[in-house]
Amino acid sequence: MELGAGLDALLQPRSIAVIGASQDVTKIGGRPIQLLAGHGYAGKVFPVNPKGGEIQGLKAYASVTDIPETPDLAVIAVGAEHVLAAARDCAAKGVRAAVVLSSGFAELGAAGEAIQHDLTALARQSGLRILGPNCLGAVSIPERSIATFSIVLEEMLPRQGGIGIVSQSGNLGSYTMRMAAERGAGISRFIATGNECDIGVADGIAWMARDPATNVILCCMETCRDAPALIAAMAAARRAGKPVIVLKIGTSDAGQAAAASHTGALAGSDAVFDAVLRRAGAIRVRSIEQFLNVGHAASLLLPDRLPKGSNVALVTASGGFGVMLADAASAAGLKLPALTEPSQKMILDAVPYASPRNPVDATAQMSSRPEILEQVLSAVMADENCDAVVQMMALSLYLPRLRKVYLEAFRRVREKHPDRLLMLCIHGPADGVAEVNALGFPTVDGIDACCETLAALAQLGRQRNEVVQVAPAATIPANAIPASVFGDEYASKRLLADHGIPVLQERLAADEDGVLAAARELGLPVVLKIVSPDIAHKTEVGGVLVGLRSDEEVRAGYRTILENVRRKAPQARIAGVIVAPMAAAGTELILGTSRDPIFGPVVMVGLGGIFAEVLRDTAVMPVPVRHDEALAMLRSLKAFPVLDGARGGPKADIQAAAKAIVALSEFAARHAGQIAEIDINPLRLLPEGQGAVALDALLIPQQDGKAVASS
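Attention in this report is confined to the structure presented alongside it. (Residues numbered from 1 in each chain as written. Predicted model: local features only at pLDDT ≥ 70, side-chain atom pairs only at ≥ 80, totals over all residues. Heavy atoms only, no water.)

Quick word on the overall build of the protein chain
Under the convention used in this document: Strands here are runs of E lasting at least two residues and helices are runs of H or I lasting at least four, both read from the DSSP assignment and numbered beginning at the N terminus. Whether two residues are in contact is decided by their heavy atoms: any pair within 4.5 Å suffices. In short, Shrake-Rupley with a 1.4 Å probe defines the accessible areas, and a residue's cover is counted only from the protein chains shown. By the counting scheme adopted, Arg and Lys are positive, Glu and Asp are negative, and His together with the chain ends is not counted. Lys charges are placed at NZ, Arg charges at CZ, Asp charges at CG and Glu charges at CD.
Scanning the protein chain from terminus to terminus reveals 23 helices and 29 strands. Taking the contacts inside the protein chain whose residues are at least 6 apart along the sequence as the reference set, 73% of them involve residues at least 24 apart. Accessible surface, the protein chain as shown: approximately 29700 Å² in total, 52% of it carbon and sulfur. For the protein chain, the centre of its 66 positive side-chain charges and the centre of its 73 negative side-chain charges are spaced 3 Å apart.

What about the nonpolar core?
What counts, and what does not: We define a nonpolar core as any set of buried Ala, Val, Leu, Ile, Met, Phe, Trp, Tyr and Cys residues linked to one another through side-chain atoms lying within 4.5 Å. The buried label applies to any residue whose accessible area, calculated with a 1.4 Å probe on protein chains only, is under 20% of its type's maximum; exposed applies above 50%, and partly exposed to all values in between.
Judged by nonpolar contacts, the single largest core of 112 residues is most densely connected at Leu 10, Ile 205, Ile 245 and Phe 599. The element contributing the most residues to this core is helix H16 (residues 447-464), with nine residues. If we skip the residues at most four places from it in the chain, Ile 205 touches Val 166, Ile 217, Cys 219, Leu 230, Ala 233, Met 234, Ala 237 and Val 244. Residues Ile 501, Val 605, Leu 634 and Ala 657 belong to the second largest nonpolar core, which totals 47 residues.

Brief notes about the packing of aromatic side chains
Geometrically, a pair of aromatic rings is defined through the distance of the ring centres and the angle of the planes. Quick note on the threshold: The criterion for an aromatic pair is that two Phe, Tyr or Trp rings (for Trp, the six-membered ring) have centres within 6.5 Å, with stacked assigned to planes under 30 degrees apart, edge-to-face to planes over 60 apart and tilted to the rest. Here, a charge over a ring means that NZ of Lys or CZ of Arg falls within 6 Å of the ring centre while also lying within 35 degrees of the ring normal.
Applying the stated criterion across every chain, the model contains four aromatic pairs. Linked through ring pairs, Tyr 406, Phe 410 and Phe 441 together constitute an aromatic cluster. The ring centre of Tyr 61 lies 5.2 Å from the NZ or CZ of Lys 59, which sits over that ring. A cation sits over an aromatic face here: Lys 248 above Phe 273, 4.7 Å from the ring centre.

So, unusual backbone geometry
Note on backbone geometry: most residues besides glycine have negative phi, and most peptide bonds are trans. Cis rather than trans, the peptide bond between Val 623 and Pro 624 has omega equal to -10 degrees. At the junction of Asn 681 and Pro 682, the peptide bond is cis and its omega measures out at 10 degrees in the coordinates. Inspection of the secondary structure assignment puts Pro 682 in strand E27 (residues 675-685). Phi at Arg 144 is positive, roughly 55 degrees, even though this residue is not glycine. Along the chain, the position of Arg 144 falls in the loop between strand E8 (137-140) and strand E9 (145-147). Positive phi, normally seen in glycine, also occurs at Arg 647, with a value near 55 degrees.

Note that all results are geometric; they support no functional claim without further evidence.
As structure tokens, then:
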């Protein structure tokens, strides 16, 4: 089934049945009928209640099967124990979509989960699309269709506009809708998916990607129940040119536990979520305030006024505000280029005492007359070095005289520069801010928030000009990995070497003479390492010796290792001893793969030692990854300057590291059915142009499935 299929009946219904309808408008079965009537829904509404009669002035029916025509949508507001029967009646009647507002399902335990499972089966078998259970329903502003009991709509219906909202959390989603409406932002659709027995956030995103009434999609997520569907939906939105702004909550351990309890679903790694969203072109925000700021601003600027880059000019009437804006812009990743000489001259012609560089301190003189402000703003908006302009307005809109000057100047620069972005950092009266927004200029209250919003818009602008690249599928058939490879360093490295991971020329020896012969063949000095499926950490049992420089040291080293192992791990099975040449000096990375419970195999890289273990300076990405993605992972590390020759040190071979990341990610993708984890620690990076080498490696098998060769 196509993602989002069947949601027309949910979001554009011509008729609605309310099952569990009530005369009492304070009950969840009474409120939808009241809201539909109060906000002017033009379709037919059919209350359903076993008692029949009349409810809120409408004829009521004892069962949905008694309605003389087939409603497009049913709103189910009965006890959990009656929901399945009501949904079956809807399917039998030919109803195309149902919203289950009732709670008491998977979020409460096994009994509720069983009923929810039956609802899922019914949806699959009948084609009835089911939203919920345990959800706050759906709202479509263009059709004035209301399938919710939310108090947000009791006093007002948001004005129609381009923002679509899809949220797993009903209250958070409805709060977003109300707050966006209070800012003057227009809403198209609202969907709260709840427990997602059938319709999920991916369906909502995919449907809105095709919806002409929606141009920006705000998505609030606690977890993800269908990773491939979510990724496909975000890709569809990106192809349609509709930004997806994601507020992913549950980032702390406590938050993830609460989310799991609330949704009845697993919580995946937040870092992996971040990587998935970034690859899909979605913008992740960390607060509901930024959720609203970025969504509203994007809706004003689409389709063709997003900034094309991160170069910003700052305009203030105060040097202090200019410094604060510059700090915030830099922290948000924005760049402050110097203005061109013609731009600076134009500013000085308007305000001779201005500081015309960047930030521009145009003094209070710029707001004395509209033509002066117009000339200052025109100078920076036309500057070829800048992608956007931020003006600090502080409290100016509160003063009628200044408000008149600013609005007149804004109208003029909007006419002169219709395709350029001016963002205003402002705290002002709602009606004044609405006037500015009506001119097409985004407004944000707060210096840091303003710069963070502009950075997100710049990211959206860059993405719209990029060719969407998809990570290559691992299409080479993969043979099953022999069980003997797992837990065996020597066999693991030989297998990884066959798949593009560079390793040293090593030998596996079974006895003392074999060890000495291998050492002479490879050339002294050498390293000796015990090989045992029962020993994961060799150094802890004295199973590693380095720098052996003579025949005598090699023989003695072999005996020492065996004696250490027999004493500290007497039950360990010994497969032999690895003989390896001493590796050249370099910078050490840790490289590996693991399985995220939601998105499957991921590859991880970080600098070794304290950087990864204590500072948690690592980067992750779902497998497989492209070479450019691998380079981006390395550059995202806080310790990347160490690799890049900080303080005059030698640069490490970053290209070799990227190749190893790509090779490992493709290997993990092909063998996803067999491998739980791969640990390469360390991967030693040699100086630039000299390559990299895996000094230790271990493969850990899946424990709960058969060996599967994946393609």
